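Notes for the structure review
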Amino acid sequence: MSNAVDIALAAPRRLSVELAEVDLNGHALHTVELAGWAYGCPLGEAPVFLLVGGITAPPFPFGDGRSVAEGGQGEGWWPALRGGGLIDLEQHTVLCPAWPGNGSNWVGFDDSSRPPPALSVLDLADLVAMWLDGIECRVPVSYVGASLGALVGVALAVRHPDKVGRLVSISAGLRPDGWGTATRHLQRELVRDGQRNGDVHTGMTRARQLGMLTYRSRSELDTRFGKLSPDQERPEVAAYLDHHGKRFADQFPVNTFIMLSEAIDRCTLADSREGVRTALKRIQAAVVVVGVPGDLLFPWSLQNELHRELQAVGANSSLWKLDSEFGHDAFLADQDKLADLLRASGALKPLTGSPISQPLFSGLGTQPLRQIRIGMIGCGVVGQGLLELLAEQTAAMAERYAVRFEVTRLAVRDLTKDRGSLASDIPKTANPIELVSDPEVDVIVEVAGGEPPLGPVLTAALAAGKPVVTANKSLLARKLAEFGVLAQRTETPLACEASVAAALPIIRHLSHRADEVERLMAIVNGTCNYVVTRIEQDELSLDEAIGEAQAKGLAEADPSMDVDGLDAAAKLSILAYRSFGAWFRPDTFTVRGIRELTPTDCDLAEMMGFRIRHIARAARVDGGLDLAVEPLLLPDWHLLANVEEEYNAVYLVCRSGGDLSFFGKGAGARPTATAVLGDLIDLAQDNSARWPVPIEMPLAGSHAPPRRHYLRVSAQAHPGLMRRLDSLCRRAELTVQNRAEHNDGEQVHLALLTSPASDEAFAAIAASIARLGRVEQMLVLGVAE
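Residues numbered from 1 in each chain as written. Predicted model: local features only at pLDDT ≥ 70, side-chain atom pairs only at ≥ 80, totals over all residues. Heavy atoms only, no water.

With that settled, the discussion passes to the overall build of the protein. Per the secondary structure count, the protein includes 26 helices and 24 strands. Its C-alpha atoms give the protein principal-axis dimensions of about 125 × 60 × 45 Å. Once local pairs closer than 6 in sequence are excluded, the contacts in the protein between residues at least 24 apart make up 74%. Roughly 33,500 Å² of accessible area belongs to the protein as shown, and the carbon and sulfur atoms make up 49% of that amount. (Helix = DSSP H or I, 4+ residues; strand = E, 2+ residues; numbered from the N terminus. Contact = heavy atoms within 4.5 Å. Areas by Shrake-Rupley, 256 points an atom, 1.4 Å probe, with all protein chains shown as cover.)

Next comes the structure, spelled out in structure tokens:
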């Protein structure tokens, strides 16, 4: 197309309609001229866009054909929407109605001594409909409105549904809120004070200055201008406010401002929620709602409300968030980002067919259906379990939580390995850091396990503001404090329910608790608990029990992490952080495994009314924390004493709520996948808890409270052995509270249960016993009360 034709398309053409009389909600308007401007193709030859801005926006979003130096509008106030796959003036017609006093008019409106008529947004929508009829716009328009223009767009789609085929509502809602109404009321009072005092210019200036503080976000004003420093007479923001206030007062009609400001506050579709929904049912347009979380004038909650109500009546609606520091004015100050969002949403694609033929949204609900795209690191047993669970739960997630999860990319070590049918069509990479920078990934889910090189990947994700869900206990055991602080500083969710006890929602409970935890005891390693159960019930040796666990897929080829207590220690480190706010690496507290345990110990404990379990425990002690992982004797009535096989359990003693317990499967593909999915649901509901900076809390160590001990001595049988054991205990001022004996024909096994003593004191007694003749083996365990 020639340059001359291009200039002709870009130059706006005035389109006006004259009406002898108009009745708007009881207001009789005489000799009405409704005007506006058109860009692009002649009306009737191309799809039509209707662009409407805020109160002060002139009807020239793409300029008026004159440069700023020539006193014109330059490239206009919405140039980013032109071209780039959005609005093409060679293929589209663009209409822009003019507000009364700013292009449109009627008799008496310019008389500033008379108040303008009390019109509402619905009345403004009727004026737009009259103008469209008058200029003979016969096709449904794609309406793109911001601020006041978005309110008018909703009203137009309600009052004249045949005229709107698509509606893009930006930075508005169904209604104003109380804060915005109060602000606009104060602006109008400033203007009216100026009218009464004969200084309208000052009133308009102050009204605009107040408005400028609501159009931008607090963070943007703070970053841009800061505060009044000692060497300044006026803050830096004063010049900014003076400039905008004077320009507004010099150029903008008083009655136009008052009328449009009041029209916003009179924006009411109906007096009841039922009435509002009845009105919204008339909308036939596909609606795209765009909001800015930092908007002071029309907060994000109002866009959510509009979207929820549209979906509740079956309308075709989608909700999009424009992340910007510019607040309400982001649609102007951050319009390149807005243009990217509109391209991604497909909001400005040409309409096909009439709006009446477009199907309504079929999934009625009260919340927006949110899509969360997952980049998953690892696709082994747990990863494939998560894919299966997501496929099975798609409908339930949409109905229950209004969210749809989709794994859009995988990072795996071996790209050639078969990952199952559900993973076959998902794009894969061997470099997990690519998921962090991928715009098609909203959250990182890590289920690969192992530490290097995943630490830098998760750090990069949190630093970039991309939420992380991980099941990697070994990595968290070393870096959770670092990750937690980074997550807090970047305000990025970090979730790790699957890293502790799989299906048990213990991390979720601790994250949202309203009580203080005084003590916790937990069985958090299913392999260890299975092995102990088999030793106890079937009198298997440790090696035999481990072999059985391996045959059932409950133990790794190298079970050291489990049977030596290292896995449980990593989990206790995470539990302690969430329970007490203190961070201790596993190598800073006592960790014992179950390698010394024998079937004889289980029999002797049972004779005395106890059972042995491998316990991760933590308790407050005199301002410190007593932390350990070890086999313990538990009374046979205790909850944890009755946890068997691969099951896990967590037992809490809370300051106000008393005893709480959690029980369930703590390992396996599906239980772990449910924990990951639970974290994703929290993310979708913005319910992820922050990680506090770790507090300073000493380990109790030698200051741990005294406790009872179990002592098992295996020796060659001789009549004086039990007497000598009693004697050593008496010398240490300990009482033998219970005893048991087992003779297997080769050795005699004597068990004592003693009165409370510190671990150090009892270790000294055990050392003396070890030096006795004929003593071949010995085991000391603590007793949990």
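Further notes follow.
Turning our eyes to something else, we now look at a positive patch on the surface. Among the surface-exposed residues, Arg723, Arg724, Arg730 and Arg731 lie close enough to one another that they form a single positively charged patch. Topologically, Arg730 is positioned in helix α25 (residues 721–731). Residue Arg730 is classed as exposed on the basis of its relative accessible area of 56%. (Patch = residues over 30% accessible without salt bridge, like charges linked within 9 Å, V, L, I, M, F, W, Y side chains within 5 Å. Salt bridge = Lys/Arg side-chain N within 4 Å of Asp/Glu carboxyl O. Lys, Arg positive; Asp, Glu negative; His and termini not counted. Charge placed at Lys NZ, Arg CZ, Asp CG, Glu CD. Buried < 20%, exposed > 50% of the residue type's maximum accessible area, 1.4 Å probe, protein only.)

We now examine the packing of helix α13 (residues 381–392) against helix α24 (residues 669–684). Running from amino to carboxyl end, α13 crosses α24 at an angle of 65°, the nearest separation of the two axes being 8 Å. Handedness of the α13/α24 crossing: right-handed. Where α13 approaches α24, its residues Val381, Val382, Gly385, Leu386, Glu388, Leu389, Leu390 and Glu392 are matched on the opposing element by Ala669, Arg670, Thr672, Ala673, Thr674, Val676 and Leu677. The class makeup of the residues in the contact of α13 with α24 is nine nonpolar, three polar and three charged. (Axes fitted to C-alpha atoms, helices over the stretch in contact; angles between N-to-C directions. Left-handed = near helix turned anticlockwise from the far one by under 90°. Nonpolar A, V, L, I, M, F, W, Y, C, P; charged D, E, K, R; others polar.)

What follows covers the sheet that holds strand β3 (residues 48–52). One open sheet holds the eight strands; their spatial order is β1-β2-β4-β3-β5-β6-β7-β8, and the pairing between them is mixed. Single-partner strands in this sheet number two, and they are β1 (13–24) and β8 (317–321). Going from strand to strand, the sheet's axes swing by 20° on average, the running direction of each strand aside. Across three bridges, the pairing between β3 and strand β4 (residues 93–97) is parallel. Looking across to β4, one finds that Leu50 is bridged to Leu95. Across the sheet, helix α2 (residues 121–134) is in contact with β1, β2 (27–40), β3 and β4; its angle to β1 comes to roughly 125°. Most of the contacts of helix α3 (residues 148–159) go to strand β5 (residues 141–146), to which it runs at about 145°, and overall it touches β3, β5 and β6 (164–170). (Pairing = 2+ DSSP bridges.)

The pairing of strands in a sheet happens through backbone hydrogen bonds and is either parallel or antiparallel. Within the open sheet, the six strands sit side by side as β11-β10-β9-β12-β13-β14. Their pairing is parallel. Two strands bound the open sheet, and with one partner strand each, they are β11 (428–429) and β14 (494–495). As paired elements, strand β13 (residues 468–470) and β14 share two bridges and run parallel to each other. Bridging from a neighbouring strand, Val469 pairs with Ala495 of β14. Packing of α24 onto the sheet brings it into contact with β9 (370–377), β10 (403–411), β12 (443–446), β13 and β14, and relative to β10 it is tilted by some 120°.

Another aspect to go through is the nonpolar core. In terms of nonpolar packing, the biggest core is built from 78 residues, with Leu50 and Leu280 touching the most fellow members. Leave out the neighbours within four places in its chain, and Leu280 touches Val154, Val158, Leu174, Leu269, Glu309, Leu310 and Val313. The next biggest cluster of nonpolar side chains, apart from the first, holds 53 residues, and it includes Leu454, Cys496, Phe580 and Met697. (Core = buried A, V, L, I, M, F, W, Y, C linked by side-chain atoms within 4.5 Å.)

Before going further, it helps to examine the environment of Val591. Inspection of the secondary structure puts Val591 in strand β16 (residues 590–591). Discounting residues that sit within four places of it in the chain, Val591 has contacts with Asp564, Gly565, Leu566, Ala569, Pro586 and Val629.

Mean pLDDT over the protein stands at 89; residues scoring 70 or higher make up 96%. Every residue in residues 1–5 scores below 50 in pLDDT, and together they form three contacts with partners more than four places removed in sequence or on other chains. (pLDDT = per-residue confidence, 0-100.)

With the rule as written, the count across this model stands at 52 salt bridges. A salt bridge links Arg534 to Glu645, with the shortest nitrogen-to-oxygen separation between them at 2.9 Å. Of this pair, Arg534 sits in helix α19 (residues 526–538) while Glu645 sits in the loop between β18 (624–635) and β19 (647–654), placing them 111 residues apart in sequence. Via salt bridges that share partners, Arg184, Arg188, Glu189, Arg192, Asp193, Arg196, Glu262, Asp265 and Arg266 belong to a single interconnected network.

For Ala502, which is not glycine, the phi torsion reads 50° and is therefore positive. By the element assignment, Ala502 lies in the loop between β14 and α18 (506–511). Backbone geometry at Asp686 places phi at a positive 55°, although glycine is not the residue there. Along the polypeptide, Asp686 turns up in the loop between α24 and β21 (709–715). The class of Asp686 is exposed, set by a relative accessible area of 65%.

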